[in-house]
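Below, each chain spelled out in residue letters.
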Amino acid sequence: MPRRRLSRYAFHRRLRLLRRSQRRSKGRRAFLLLAVLILALPVMVIPAFAAESVGNLPAVDGLSATGLHQDMLIFDRHGTLIDDIGDHGDHRIVVPLNSMSAFVKQATIAIEDKTFYKNNGVDFAGITRAAVADYSHHHIAQGGSTISQQLVKQVFIGPNPPPTIQRKIREAVLAVDLNSRYSKDQILELYLNTIYYGAQSYGAEAAARGFFHTTAHDLTLGQAAMLAGLPQAPTQNSPLINPTRAKARQAEVLDAMVAQKMITPSQALAAENEKLQFFYPTNQLQAPHFVDYVLQVLDKQFHIRPSDRKGYRVYTSLDLNVQHLAESVVKNQIDRFGNYYDFHDGALVAMDPKTGEVLAMVGGDNYYRPGGQINMATTDTRQPGSSFKMFTYTAAIESGRLNMLSPILDQPMIFPLGGGKDGLKPYAPINYDKRYHGTLPLKMAMGNSLNIPAIKVELTTGIPAVLDTARRMGVTSLNQDDSHYGISLTLGGYGVSPLDMVTGASTLATMGVRHRPAPVLHIQDGLGKTVFNYDPNKNQFQAISPQVAFIIDSIMSDDRNRCMSFGCGGDLTLPGRHVGAKTGTTQDFRDNWTVGFTPTLATAVWVGNPDYHPLAHNSTGIVGAAPIWHQFMTQALASQPDQWYPVPAGINQIGQNYFLPGTQSLPATLAGRWPVCRFRSFNPYTVTDAQLTVNGLPCVLGYTPRNLDQGG
C-alpha cells in the first residue's frame, strides 16, 4: 500500500513537471516567434501594419541637435563659465560631435549599438539575441534597441513608453526613416546631446560637467566609459548612488570596446584603474548678484529669458579675477570691522570708464542669507550722502557762475521749511564736524565735503541744473519731477544706486563721455549665430565738456583739498598714482560711501545695513567704505602704470588752478551773508514761494526758532 501511494505520487510529480516543461516550451516558442515577427515586420508587412495598427507617424525631418531645448550659459569676459541656467535643475548643453571626446563616441557605440555604422536603424540580429537573453534570464537582460531607436523614442515617443508591440514597431519604422534622411554622425550627435545620463543631466556635455566638472571634449577613457554605461539605467548605474554597480558597468563598457577593437586590453585596464572623482549635482553659480543683473538686462533689452531654452551663450563684461578680489575685500572689511561699526552688508561696482563695461559687481556680502538676493548694487537705492556733491560742483562749474577758487562763506543757515518728517519745520543743515569754517575756496569746500557751502552752490546753480547734470552723467534713479527734489539733494538726501554713482564717476574719468553700464558683450543663440555684439561707440554721449570734467577731476584728485577734514595721505589716495575720490555719509550714519576713479577704472562702494539701522561710533565713509575702495583699487590697478589727463584745449591755467574761458574773475557772490527772509514769523501752511525767496534765492531766517530741525 505505501509503495503504491509512492508510485502514484511520483507519477503525478512527473506529470506536473511535463506540463510545466510544455508550458515553458510553448512560452519560449511564443517569445521567439514574437522576436522573429518583430524581425520580419520591418521588411515584410510594416507599411500595411503601420497603417492599420500604428497610426500616423511623426515626420523626422528638420531635426537638429542645436534645436533641442538647452541651458543658457553665462560667461565672464575671458570665457569662464559663471552660471549654467537649466530648466528646474535639469541641464542640457548642446555641443557638436567633433567637440566630443572620441572615447565617449566609441564607448557609446560599443555598449549600445555595435553595428551602428552598418545597420539601417534596426539591428535584427541584436533583437533576436536580446529576446533569447531576456527569456533565459526571466527578465530584461539585454536591450535590442539601436541608437537610432533610442533616439526616436526620446524625441518622438517619450522616455517611458508602454511596452507594446505597436510602440516597438513605431520605433523601428521611425529609426529606419531617420537613417534614410540623416547621416550616422548626425544621428550620433543628436543622440549624445539628447540621452539622459541621470543626475538631471541630458546629453554628454551636461553629464561631463555635472559628474566630472569637465567637458565632453576632455573626457578621459575611464570617464567616458562610466558615462556610456549610464543611459541603460541612469539611477541603478549611477556612481553617486551605486558606485559598485557603476564600476561593474564601466568594466562592461570597456570590455565591449576591447571586443570591438576600439581600444587595447592594456588601455582598458588602465582606464578601469583610473581613480575618478565624482561630483553631486550643484549649481556652479559665481557672482550671483551680477548674474541676476545680467538676466534683467537680457529680459529688458533683448527679450531673452532662460525659460526660452534656446541655448543662448552670453559673454559678459565681468572679469572673474577682479570679481573675486572685490568679493574678498568687501567680506574682509565686514568681518573685521562690521561688528564694531555695526555695518553688516556692502556693495561694490567697478567699471571700465572707457567702455562702460562692468568689471565687478558685489551686490551684498552673502547672497544666500535671508534677504541676500536683494542686489544692493543695482535694485536698491540708498542715500549717497556727500558723494553726490560731485554732481553739484560739476553743474556749478558748467554754469560759469563759479570757479574752483570762488570763495564761499561757511555760516549757520536756517531755512523756514524743509525740516521734520513733513518738511514743515525749519531746517538748519550742519557740517559733518558740526563746526563752521569761515570763507574757503570752492575746491576746499568740495574736497572737505562741507555741507553748508554745498547747499549754497546748489541753490546758486539751481536744483534743476544739478538734477540735469546728474542725469546726463548717468544717474537714472532720480526720475521724478524736478519739483519733488529739495535742498537736501546736494547732501545726498535722495536714493541712488552704486551703479548710478559709478556711472557718474566714469563720466568724469572719460573727460565727460558717458557710457551706460554695459554688462553684456556678446550673445550667441543655440545655433552659434551672433545675436548681439557690444559696440562702445554706440553707447557714448558727451554728457559734460572735457574742460568741465578736467576741472572737477583736478579738484577730486588733489589730496590737499581734503586734508582739513580727512587728513592727508589717507584711504582716498593711492600711493604713486593720480586718482579722484569722494566719500559720502548720510544723516544718522545710515549709509557709508566712497566713489573714485582713474582713467582706466571707476569704483563705487557702499556699506551699511539693509534694514536701515544706523552705523555705530559715528562711522563715516572714510572708515567704512574708503578702506574697501582703497584696497580694491590698489590691487586691481597693481599691474597698470599711473595715468592722468593732459590739460585739454579750451582751459585757462593759472598756477595749479584751471578755469573755463572768461571765469577767472567772477564776483564773490557766495562770500557774503546769505539773503535773510523779510518776515519775523510765518505760517508754514500759508507761506508763499514769493515770501520764501529773496533776490531769486531761498532765504534763511534771521532768528533761531524753537522747533528747529538740524541735519547733515
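Provided above is the structure to which this section pertains.
A brief structural summary. Since this is a predicted model, take the numbers as computed values, not measurements. Here the residue index of a chain counts from 1 through its sequence in written order. Only residues with pLDDT of 70 or above have their local features reported here, since the model is predicted, and side-chain atom pairs are shown and tallied only from 80 upward, although totals for entire chains, interfaces and linings are computed over all residues. To get the side-chain values, take all heavy atoms of the structure and skip hydrogens and water.

Some remarks on the packing of helix 8 (residues 204–212) against helix 9 (residues 221–228)
Note on method: axes are straight lines fitted to C-alpha atoms, helices fitted across the in-contact stretch only, with angles between N-to-C directions ranging 0 to 180 degrees. Numbered from the N terminus, helices here are DSSP runs of H or I no shorter than four residues, and strands are runs of E no shorter than two. Between helix 8 and helix 9, the shortest axis-to-axis distance is 11 Å and the interhelical angle comes to 115°. If you check the angle between helix 8 and helix 9, you find them roughly perpendicular. In this structure, helix 8 meets helix 9 at a crossing whose hand is right-handed. Note on element contacts: helix 9 touches helix 8 through Gln223, Met226 and Leu227, opposite Ala204, Ala207, Ala208, Phe211 and Phe212. When describing relative orientation, an angle under 35 degrees is termed roughly parallel and one over 145 degrees roughly antiparallel, while 65 to 115 degrees is termed roughly perpendicular and anything else oblique. With the far helix as reference, a near helix turned anticlockwise by less than a right angle produces a left-handed crossing, and one turned clockwise produces a right-handed crossing. Any two residues having at least one pair of non-hydrogen atoms within 4.5 Å are treated as being in contact.

A look at unusual backbone geometry
One non-glycine residue with positive phi stands out, namely Arg309, at about 55°. Relative to the assigned elements, Arg309 resides in the loop between helix 12 (288–302) and strand 6 (313–316). Located in the positive-phi region is Ser449, a residue other than glycine, with phi close to 55°. Mapped onto the elements, Ser449 comes out in the loop between helix 15 (442–447) and helix 16 (451–461).

Concerning the packing of helix 10 (residues 243–259) against helix 11 (residues 265–273)
Across the interface, helix 10 lies against helix 11 with an axial gap of 9 Å and an inter-helix angle of 165°. When the axis of helix 10 is compared with that of helix 11, the two are roughly antiparallel. Here helix 10 runs over helix 11; the crossing is right-handed. Residue-level inspection shows Lys247, Gln250, Ala251, Leu254 and Val258 of helix 10 in contact with helix 11, the latter providing Pro265, Ala268, Ala271 and Glu272. Residue classes in the contact of helix 10 with helix 11 are distributed as six nonpolar, one polar and two charged. Classification used: nonpolar for Ala, Val, Leu, Ile, Met, Phe, Trp, Tyr, Cys and Pro, charged for Asp, Glu, Lys and Arg, polar for all others including Gly.

Details of empty space enclosed by the protein
Using a 1 Å grid laid over the protein atoms alone, points where a 1.4 Å probe fits but cannot get out form a cavity; open sets with protein on both sides within 12 Å along at least 5 of 7 lines form a pocket; any residue with an atom within 4 Å of a point counts as lining. Grid points are joined across faces, edges and corners, and a volume is the space filled by probe spheres set on the points. Per the counting criterion, the structure on display carries three cavities of 30 Å³ or more. Of the voids in this model, the largest cavity is the one considered here, and its volume is about 60 Å³. What lines the largest cavity is simply Met446, Gly447, Ile555, Met556, Arg562, Phe566, Leu572, Ala581, Lys582 and Thr583. Residues of the lining of the largest cavity, tallied by class, amount to six nonpolar, two polar and two charged. What the second largest cavity holds in volume is close to 40 Å³. The wall of the second largest cavity is formed by Arg577, His578, Thr598, Pro599, Thr600, Gln640, Pro641, Asp642 and Gln643.

With respect to the pattern of salt bridges
Think of it this way: side chains of opposite charge can pair up when their charged atoms draw near. For this analysis, a salt bridge means a side-chain nitrogen from Lys or Arg found within 4 Å of a carboxyl oxygen belonging to Asp or Glu. Taken as a whole and judged by the stated rule, the model has 16 salt bridges. Between Arg382 and Asp591 there is a salt bridge; the shortest N-O distance is 2.8 Å. Separated by 209 residues along the polypeptide, Arg382 in the loop between strand 8 (357–362) and helix 14 (389–399) and Asp591 in strand 18 (residues 591–597) bring together distant segments of the chain. Neither residue differs from the other here; Arg382 and Asp591 are each classed as buried. A salt bridge links Arg560 to Asp558, with the shortest nitrogen-to-oxygen separation between them at 2.9 Å. The cut-offs for exposure are 20% and 50% of the maximum accessible area for each residue type, with area from a 1.4 Å probe on protein chains only; residues under the lower value are buried, those over the upper are exposed, and the others partly exposed. Of the residues examined, Arg560 reaches a relative accessible area of 52% and is grouped as exposed. Given a relative accessible area of 18%, Asp558 falls into the buried group. Connected via shared salt-bridge partners are Arg245, Arg249 and Glu252.

Overview of the pairing of strand 10 (residues 415–419)
What makes two strands pair is DSSP finding at least two bridges between them. Alignment of strand 10 against strand 11 (residues 425–429), held across two bridges, turns out to be antiparallel. The residue of strand 11 that forms the bridge with Gly419 is Lys425. Hairpin geometry of strand 10 and strand 11 is characterised by an intervening segment of five residues between the two adjacent antiparallel strands and by a positive phi of about 75° at Gly420.

Regarding the sheet that holds strand 10
Reading across the sheet, the three strands line up as 10-11-24 and stay open at both edges, with mixed pairing between neighbours. Pairing within the sheet leaves two strands with one partner each, and these edge strands are strand 10 and strand 24 (709–711). Within the sheet, the average angular offset between the axes of one strand and its neighbour, ignoring direction, is 60°.

Quick look at helix 9
For helix 9, the buried fraction is high: eight of the eight residues fall into the buried class. Structurally, helix 9 contributes buried residues whose contacts are with helix 3 (102–112), strand 4 (196–198), helix 8, helix 10 and helix 11.

Describing the side chain of Asn561
Tracing the sequence through the fold places Asn561 in the loop between helix 19 (546–557) and helix 20 (563–566). Exposure remark for Asn561: the relative accessible area of 3% places this residue in the buried category. Residues within four places of Asn561 in sequence aside, it is in contact with Lys443, Met444, Gly447, Asn448, Ser554 and Ile555.

Some details on the state of the cysteines
Put plainly, a disulfide is one covalent bond tying together the sulfur atoms of two cysteines. Cysteine sulfur atoms are paired as a disulfide whenever they come within 2.5 Å of each other. Evaluation of the coordinates by the stated rule reveals two disulfides. Note that Cys563 is cross-linked by a disulfide to Cys568, the S-S spacing being 1.8 Å. Between Cys563 and Cys568, the S-S dihedral sits near 130°, and the bridge is therefore right-handed. When its relative accessible area of 17% is taken as the criterion, Cys563 is described as buried. Since its relative accessible area comes to 57%, Cys568 is described here as exposed. Covalently, Cys677 is tied to Cys699 through a disulfide, its sulfur atoms 2.0 Å apart. Looking down the S-S bond of the Cys677 and Cys699 bridge, the torsion is 95°, so its handedness is right-handed. Within this pair, whereas Cys677 is found in the loop between strand 21 (657–659) and strand 22 (693–694), its partner Cys699 is found in the loop between strand 23 (697–698) and strand 24, the two being separated by 22 residues in sequence.

A look at helix 13 (residues 320–341)
Owing to its 3.6 residues per turn, the α-helix aligns residues three or four sequence positions apart on the same side. If you check helix 13, its first and last C-alpha atoms are 30 Å apart, about what 22 residues at 1.5 Å a residue would give, namely 32 Å. Two axes enter the bend calculation: one fitted to the seven residues ending at the residue in question, the other to the seven starting there, and the bend is the angle between them. The largest bend along helix 13 measures about 40° and falls at Asp335. Buried residues in helix 13 make contact with strand 2 (81–85), strand 7 (345–352), strand 8 and helix 21 (625–636). Under this definition, polar contacts are N or O atom pairs within 3.5 Å; protein pairs additionally need one hydrogen-donor-capable and one acceptor-capable atom, and for neighbouring residues in sequence, both atoms have to be side-chain atoms. Of the residues that open helix 13, the one with a side-chain oxygen 3.1 Å from the backbone nitrogen of Asn321 is Asp319. Multiply 1.5 Å by the residue count of a helix minus one, and that product is the helix's expected span.

Some remarks on the layout of surface pockets
Put simply, the second largest pocket is a space of about 940 Å³. Every residue lining the second largest pocket is counted, 35 residues in all, and those nearest its centre are Gly418, Gly486, Ile487, Ser488 and Tyr494. Secondary structure elements with two or more residues in the lining of the second largest pocket: strand 10, helix 17 (463–472) and strand 24. For the lining of the second largest pocket, the element with the highest residue contribution is strand 10, accounting for five residues. A class-by-class count of the residues in the lining of the second largest pocket yields 14 nonpolar, 17 polar and four charged.

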